[in-house]
Amino acid sequence: MKFQMPNERVKNLKKQVLSDNWYRLEKVTFDFQLDSGQWETHTREAYDRGNGATILLYNTQKNTVILTRQFRLPTYLNGNSSGFLIETCAGLLDKDNPEDCIIKEAEEETGYLVHALQKVFEAYMSPGSVTELLYFFIAEYSETMKKTAGGGLVEELENIEVLELSFATAYERIQTGQIRDGKTIMLLQYLKIQNILH
């Protein structure tokens, strides 16, 4: 992690743990200095689930991508009637670096053992409430790299369906609303903008 000087416009930062059940939810109070020099006291809640990584597997010969489909409770609670989302493979870093994490997650979720990764960017996905920084990768896949059926880990109660879609179909599903996951949209658009797939 890069060392950064603290922001001198933030002081008296205090944290109170509200929940440490699944991940950590904290109530944070701090003073923030306005451009005028005046100080204001703010109270926010921040959800810390650690940082993560995601990857989009693609095949230039077949013009296809590998995505996953799984049940996501928060989306079900907020208008997604089935609760299922089509997504790129992703996982939390835990104690791994982003590269090792996503190689492991790709094999567990999709069954593909990838080697040549390309990191494309990093992004905070919900900076108003979640601390997570997500590392984005792409990698080319081939059938020889398929080692298992994928589907996730049984002990983690992952029931993941592996999807191989033409790039055109996947990209069209952004427009139709069948793909509504932010990280997935970003990586599909990256392949399109960089002219990697058509």
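Going by the structure above, here's the rest.
Residues numbered from 1 in each chain as written. Predicted model: local features only at pLDDT ≥ 70, side-chain atom pairs only at ≥ 80, totals over all residues. Heavy atoms only, no water.

*Asks:* Give me the lowdown on the overall build of the protein chain, citing residues and values where you can.
*Replies:* Secondary structure assignment for the protein chain yields four helices and 10 strands. Shown N-terminal to C-terminal, the secondary structure of the protein chain runs as helices and strands in the order β-β-β-β-β-α-β-β-α-β-β-β-α-α. Considering only intrachain contacts with a sequence separation of at least 6, the fraction spanning at least 24 residues in the protein chain is 57%. Accessible surface, the protein chain as shown: approximately 12,100 Å² in total, 50% of it carbon and sulfur. Averaging the positions of the 21 positive and the 28 negative side-chain charges in the protein chain gives two centres separated by 4 Å. (Helix = DSSP H or I, 4+ residues; strand = E, 2+ residues; numbered from the N terminus. Contact = heavy atoms within 4.5 Å. Areas by Shrake-Rupley, 256 points an atom, 1.4 Å probe, with all protein chains shown as cover. Lys, Arg positive; Asp, Glu negative; His and termini not counted. Charge placed at Lys NZ, Arg CZ, Asp CG, Glu CD.)

*Asks:* Outline the nonpolar core, supporting the account with residue identities and numerical values.
*Replies:* If you look at the biggest cluster of nonpolar residues, it comprises 22 residues, and the most contacted ones within it are L56, V65, L67, I138, L188 and L191. Within the residue set of this core, elements represented by two or more residues are β4 (52–59), β5 (64–71), β8 (117–124), β9 (133–140), β10 (161–166), α3 (167–176) and α4 (182–193). Setting aside residues up to four positions removed in sequence, V65 forms contacts with L56, L57, Y58, Y141, L163, E164, L165, F167, A170, L188, L191 and L197. Among the nonpolar cores identified, the runner-up in size contains 17 residues, and L57, I66, L93 and V114 belong to it. (Core = buried A, V, L, I, M, F, W, Y, C linked by side-chain atoms within 4.5 Å. Buried < 20%, exposed > 50% of the residue type's maximum accessible area, 1.4 Å probe, protein only.)

*Asks:* Would you mind going over the pairing of β5 in detail, with residue names and values included?
*Replies:* The element β5 is extensively covered by neighbouring structure, given that six of its eight residues are classed as buried. Pairing of β4 with β5 involves three bridges; the strand directions are antiparallel. Following the sheet pairing, N59 is matched in β5 by T64. Two elements, β5 and β10, share six bridges in a ladder whose sense is antiparallel. Each bridged residue has a counterpart across the sheet, and for I66 the counterpart in β10 is E164. Pairing geometry for β5 and strand β6 (residues 84–87), over four bridges, is antiparallel. In the sheet register, T68 faces β6, and the bridge partner there is E87. (Pairing = 2+ DSSP bridges.)

*Asks:* I'd like to hear about the packing of aromatic side chains, residue by residue, with values.
*Replies:* The geometry of an aromatic ring pair is captured by two quantities: the separation of the ring centres and the angle between the planes. Within this structure, the stated rule accounts for eight aromatic pairs. With a centroid separation of 4.6 Å and an interplanar angle of 40 degrees, the aromatic rings of F121 and F136 are classed as tilted. With F121 in strand β8 and F136 in strand β9, this residue pair connects regions lying 15 residues apart in the sequence. Positioned over the ring face of Y171 is K192, at 4.9 Å from the centre of the ring. (Phe/Tyr/Trp six-rings, centres within 6.5 Å; stacked < 30°, edge-to-face > 60°. Lys NZ or Arg CZ within 6 Å of the ring centre and 35° of its normal.)

*Asks:* Mind laying out the pattern of salt bridges, listing which residues take part and the relevant values?
*Replies:* Oppositely charged side chains are able to pair whenever their charged atoms sit close together. Per the stated rule, a full pass over the model turns up 12 salt bridges. Note that R49 and E132 form a salt bridge whose closest N and O atoms lie 2.9 Å from each other. Placement of R49 in the loop between β3 (39–48) and β4 and of E132 in the loop between β8 and β9 is noted, with a sequence separation of 83 residues between them. The class for E132 is buried, based on a relative accessible area of 12%. (Salt bridge = Lys/Arg side-chain N within 4 Å of Asp/Glu carboxyl O.)

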